[in-house]
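Single-letter residue listing:
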Amino acid sequence: MLFALRSRLFTLQLTSLLHKPQSFCHCHKNLPSFSPPSKIQMFETLRSNTHFCNQASFATKASKPGPLSESTKFVQSVLFVPPGVNPDEITDDLILPGSNIVLGPYAGDAKIKEVEFVKSSNRPKDCPKDDRPEFAMLGRSNVGKSSLINALVRKKEVALTSKKPGKTQLINHFLVNKSWYIVDLPGYGFANAPEAARMDWSAFTKGYFLNRETLVSVLLLVDASVPPQKIDLDCANWLGRNNIPLTLVFTKCDKMKGAKAKRPDENIRDFQQLIRENYKRHPPWIMTSSVTGLGRDELLLHLSQLRNFWNNE
Ligand SMILES: Nc1nc2c(ncn2[C@@H]2O[C@H](COP(=O)(O)OP(=O)(O)OP(=O)(O)O)[C@@H](O)[C@H]2O)c(=O)[nH]1
Ligand SMILES: [Mg+2]
């Protein structure tokens, strides 16, 4: 299994990035099977890139006590292993294609049956007072936050999108299946936005990311069609330093910027290498495209297991 994983995965450290402490249930659900990874040749590129494999690993509470085997160490250094999964028992078909995410017993209920816009808030304290779990879309202006929401819910204009950065200017709560929220946020890093369109991020971070008790995970969107940007790296590092759970969602994986430019999978690898030092345990990551639908179903499954775990604790 060790070799199979080496050939399939980016070399990343694992994390369990849930707000609540881990515990484990044994309520096995039927897990779906998946078709092979996308055309993007990410795994081939990374086949030989094994120098992370000896990085420090850690034992999740799922692991048996005692010394870890080499394969467990490897699995834990590259995969997001959710609660309820024994790293020694992970098989290839439990790893979501185009990601480092393992499906566990909490996965399920990933279908979106209905979505309703609830409200726009311009301050964190105006957000819905609610105990339902939520996921916040964070990322640079124009990275594709609103487009990804539309792709996830399979509706064109639930969240408004634009070619021009700065379209989303408020905190928008969308209620899915009456049971959880997706939150569309204004983008950061749009220096030319008019004053009114600019977010006071320092107030926002304190008011929302650090205090929102129902925030299960931030989805940090990163444009895979361009090389790593300092502002995104700073953002990922800030979230890491503050122990705010996040999933790295790489967007625009369909987009190639010419023969000389790096491919999305190369940009993704570069990004992850750059944040690695700041993460003892690397976050879950996934490749997406709102144009082709790449990663949609997989991301929904990932959200379902984070949510179901959160709900059950
Ligand atoms: N090729 C490609 N284009 C995309 C993708 N996702 C979004 N776009 C395009 O990128 C532009 C910005 O998309 P938005 O969804 O409005 O981006 P945003 O992050 O919500 O932007 P702000 O609201 O300004 O923060 C639009 O022109 C989209 O059509 C993708 O996966 N692939
Ligand atoms: Mg937007």
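Predicted, not measured: the structure shown is a model, and the values here were computed from it.

**Points about the overall build of the protein**
Within the protein, the regular secondary structure consists of eight helices and seven strands. Partitioning the intrachain contacts of the protein with sequence separation of at least 6 by distance along the chain shows that 74% fall at a separation of at least 24.

**A few points about the nonpolar core**
In this structure, M137, L220 and F250 are the most contacted members of the largest nonpolar core, which totals 67 residues. The element that contributes the greatest number of residues to this core is strand 5 (residues 215-223), accounting for seven residues. The residues touching F250, leaving out its near neighbours within four places in the chain, are V222, A224, P264, I268, W285, I286, M287 and T288.

**Let's talk about the confidence of the model for the protein**
When pLDDT is averaged along the protein, the result is 75; 70% of the residues meet or exceed 70. In this model residues 1-65 is a low-confidence stretch, pLDDT under 50, and it forms 128 contacts with partners more than four residues away in sequence or in other chains. With a pTM of 0.79, the predicted complex shows an ipTM of 0.99.

**A word on the sheet that holds strand 4 (residues 180-184)**
Spatially, the seven strands line up as an open sheet ordered 1-3-4-2-5-6-7, and their pairing is mixed. Looking at the sheet topology across the chains shown, the edges are occupied by strand 1 (115-121) and strand 7 (285-287). Averaged over all pairs of adjacent strands, the angle between strand axes in this sheet comes to 25°, irrespective of strand direction. Examined bridge by bridge, strand 6 (residues 246-251) and strand 7 share three bridges and lie parallel to one another.

**What about unusual backbone geometry?**
A positive phi angle is found at D109, which is not glycine, with a value near 50°. When you line up the elements, D109 lands in the loop between helix 3 (70-78) and strand 1. Of the residues examined, D109 has 19 C-beta atoms within 10 Å and is grouped as partly exposed. Even without glycine at this site, R154 takes up a positive phi of about 55°. The residue R154 is located in the loop between helix 4 (145-153) and strand 3 (171-176) in this model. The class of R154 is exposed, set by 11 C-beta atoms lying within 10 Å.

**Focus: the environment of L170**
Mapped onto the elements of the fold, L170 is located in the loop between helix 4 and strand 3. For L170, a count of 16 C-beta atoms within 10 Å corresponds to the partly exposed category. Here the alpha-carbon distance between L170 and S120, two residues 50 residues apart in the chain, equals 5.9 Å. Sequence-distant contacts of L170, defined by excluding residues within four places in its chain, comprise S120, S121, N122 and P186.

**Looking at helix 6 (residues 230-241)**
Taking 1.5 Å of rise per residue, the 12 residues of helix 6 would be expected to cover 16 Å, and the 16 Å separating its terminal C-alpha atoms lies within 8% of that figure. Among all positions in helix 6, only D232, C235, A236 and L239 are buried. Projected down its long axis, helix 6 shows its buried positions confined to an angular sector of 95°, all on one face. Of the residues in helix 6, the exposed ones pointing more than 90 degrees away from the buried face are K230 and R241. Structurally, helix 6 contributes buried residues whose contacts are with strand 5, strand 6 and helix 7 (264-276).

**Things to note about the pairing of strand 3**
Within a regular beta strand, the side chains point alternately toward one face of the sheet and then the other, so they alternate between its two faces. Among the six residues of strand 3, five are classified as buried, and the element is accordingly described as predominantly covered. In this structure, strand 1 lies alongside strand 3, joined through six bridges in antiparallel fashion. By the bridge assignment for strand 3, S120 is matched with N172. Examined bridge by bridge, strand 3 and strand 4 share five bridges and lie antiparallel to one another. Looking at strand 4, one finds that V176 is bridged to W180. Here strand 3 folds back onto strand 4, and the loop between the two strands holds three residues, one of which, N177, carries a positive phi near 50°.

**Quick notes on the environment of V78**
Within the element layout of this structure, V78 appears in helix 3. For V78, a count of 25 C-beta atoms within 10 Å puts it in the buried group. Separated by 187 residues in the primary sequence, V78 and D265 place their C-alpha atoms 16 Å from one another.

**Details of helix 7**
End to end, helix 7 covers 18 Å across 13 residues, agreeing with the expected 18 Å (1.5 Å per residue, within 8%). Taken together, the buried positions of helix 7 are P264, D265, N267, I268, R269, F271, Q272 and I275.

**Quick notes on the environment of H302**
Assignment of secondary structure puts H302 in helix 8 (residues 296-312). In this structure the C-alpha to C-alpha distance between H302 and A110, which are 192 residues apart in sequence, comes to 8.4 Å. Filtering out sequence-adjacent residues up to four positions away, H302 remains in contact with L96, I101, T247, P284 and I286.

What counts, and at which threshold
Residues numbered from 1 in each chain as written. Chains lettered and ligands numbered in written order. Predicted model: local features only at pLDDT ≥ 70, side-chain atom pairs only at ≥ 80, totals over all residues. Helix = DSSP H or I, 4+ residues; strand = E, 2+ residues; numbered from the N terminus. Contact = placed C-beta atoms within 7 Å. Core = buried A, V, L, I, M, F, W, Y, C linked by C-beta atoms within 7 Å. Buried ≥ 20, exposed ≤ 12 C-beta atoms within 10 Å, placed from the backbone. pLDDT = per-residue confidence, 0-100. Pairing = 2+ DSSP bridges. Axes fitted to C-alpha atoms, helices over the stretch in contact; angles between N-to-C directions. Expected span 1.5 Å × (residues − 1). Arc of directions from axis to C-beta.

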